[in-house]
Amino acid sequence: MYICNLKFIETMGKEVSKYLFRLDFMVSSVLFIAVFSILFMAIYTPFSMAAWFDVTEEHSMIVTIAFYIVAVATMLISKIAMRWMQRKVCISTPIYLLWLLVEAVVIAWLYIGFTRVIMPETICTPEYTLRVFCCVVAILAIPYTIVSLYAAYRSQKEENEIIRYRERLLGSNETSSNLINLSDENGVVKLTIDIDSLYYMESQDNYVKIYYENDGSLHSYMLRSRTKSIETSLANTTMLRCHRSYIINTAKINIVRNDKSNPVVILKHPDIKPIPVSKSYYDRLISLVNASQPGDAGIEAVAEQMSAEKGRDAVSMSNELLDDLKALINKYFKQK
């Protein structure tokens, strides 16, 4: 029992899953909660004297839509504020739960306010207020539990993949010169990785998403650290910053496409999408890659060749259009 209590205290003190703060995850969770609440109220309203959700009568429909817009906006603002806060401090489980409780209180008061608009005769007694609050908590608790469990599953899956990767690394004969240590914002080493299996890193607020290969598959790990700190720790390696949000392994470059206004890097793994290259990093990237791959045709030459081919295509297309135009003019005068 004592050990269980210690584990519970330790869990409560830990930072909540990092996936909860991803922008796409937050937007998806708000949409999921909105859809769930609509279904919940469609079932609950016929059995409640206080619920007024209705889309059959015009006035009720307008108020219902307005309430959902305001409620969704409130949740989005709450998520943005939470996302901003987690950049400054680690959000533990108690803080996260307290935040959601405050969010539920705000939405409950919004519901009471809209109730006074559509049902002015309603008397907001303490009993009624408590019932509304419990209903809102019930509506939010179920989807938030599902979202939190899914985020925890994603985080645990990521950790398990790192454990399997570490076991494979320890069982191999990799030399220490190939290994790099990546630390979090507190200086604690969270990941030891063979640089030959590292492809690129993507900045996501105060997290860095690390993409690496294990057993032929591409995996990722989210490390709480600033991109600048990671970049500094990777000095004198093949890792190079090519964009404000990206650091790539130059040894994994397949080709650099120079579309002039939008240069991109194509890495050797087929599952990786093209990575943008900022103009401020482009010249340095080309120089480094050409210097490290002298036996290749040269990425710069490839880029110039692509531009030349585009130019030839444009000239060829223009000549074809001129020929078509001449043919039409000749045909017109022959008919005259």
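Small disclaimer: the values here were computed from a predicted structure and weren't measured.

Calculation notes
- Residues numbered from 1 in each chain as written.
- Predicted model: local features only at pLDDT ≥ 70, side-chain atom pairs only at ≥ 80, totals over all residues.
- Heavy atoms only, no water.
- 1 Å grid on protein atoms, 1.4 Å probe; cavity = no way out; pocket = protein on both sides within 12 Å on 5 of 7 lines; lining within 4 Å.
- Points joined across faces, edges and corners; volume = space filled by probe spheres on them.
- Helix = DSSP H or I, 4+ residues; strand = E, 2+ residues; numbered from the N terminus.
- Pairing = 2+ DSSP bridges.
- Axes fitted to C-alpha atoms, helices over the stretch in contact; angles between N-to-C directions.
- Contact = heavy atoms within 4.5 Å.
- Polar contact = N/O pair within 3.5 Å; in protein donor to acceptor, adjacent residues only side chain to side chain.

Participant: Help me understand the layout of surface pockets, please; the structure alone is not making it clear to me.
Facilitator: What the largest pocket holds in volume is close to 1200 Å³. Residue lining of the largest pocket: 35 residues in total, with Lys14, Glu15, Val16, Ser17 and Thr93 positioned closest to the centre. Residue assignment for the lining of the largest pocket shows that the elements contributing at least two residues are α4 (93-118), α5 (126-171) and β5 (217-224). With 12 residues, α5 is the largest single contributor of residues to the lining of the largest pocket. Its volume calculated, the second largest pocket comes out at about 220 Å³. Around the second largest pocket sit Tyr200, Glu202, Tyr211, Leu218, His219, Ser220, Tyr246, Asp271, Ile272, Lys273, Pro274 and Ile275, which together line it. Elements supplying a minimum of two residues to the lining of the second largest pocket: β3 (198-204) and β5.

Participant: What am I meant to see in the sheet that holds β3 here?
Facilitator: Strands pair in a sheet through their backbones, by hydrogen bonds, and they do so in one of two ways: parallel or antiparallel. Ordered in space as β5-β4-β3-β7-β6, the five strands form an open sheet in which the pairing is antiparallel. Taken across any chain shown, the strands that pair with only one partner, and hence form the sheet edges, are β5 and β6 (239-243). Averaged over all pairs of adjacent strands, the angle between strand axes in this sheet comes to 25°, irrespective of strand direction. As paired elements, β3 and strand β4 (residues 207-214) share six bridges and run antiparallel to each other. Bridge pairing links Glu202 to Lys209 in β4. Taken strand by strand, α5 contacts β4 and β5, and its axis lies near 50° from that of β4.

Participant: Looking at this model, I keep getting lost on the side chain of His243. Mind explaining?
Facilitator: Within the fold, His243 resides in strand β6. A distance of 3.0 Å separates a polar side-chain atom of His243 from the backbone nitrogen of Ser245.

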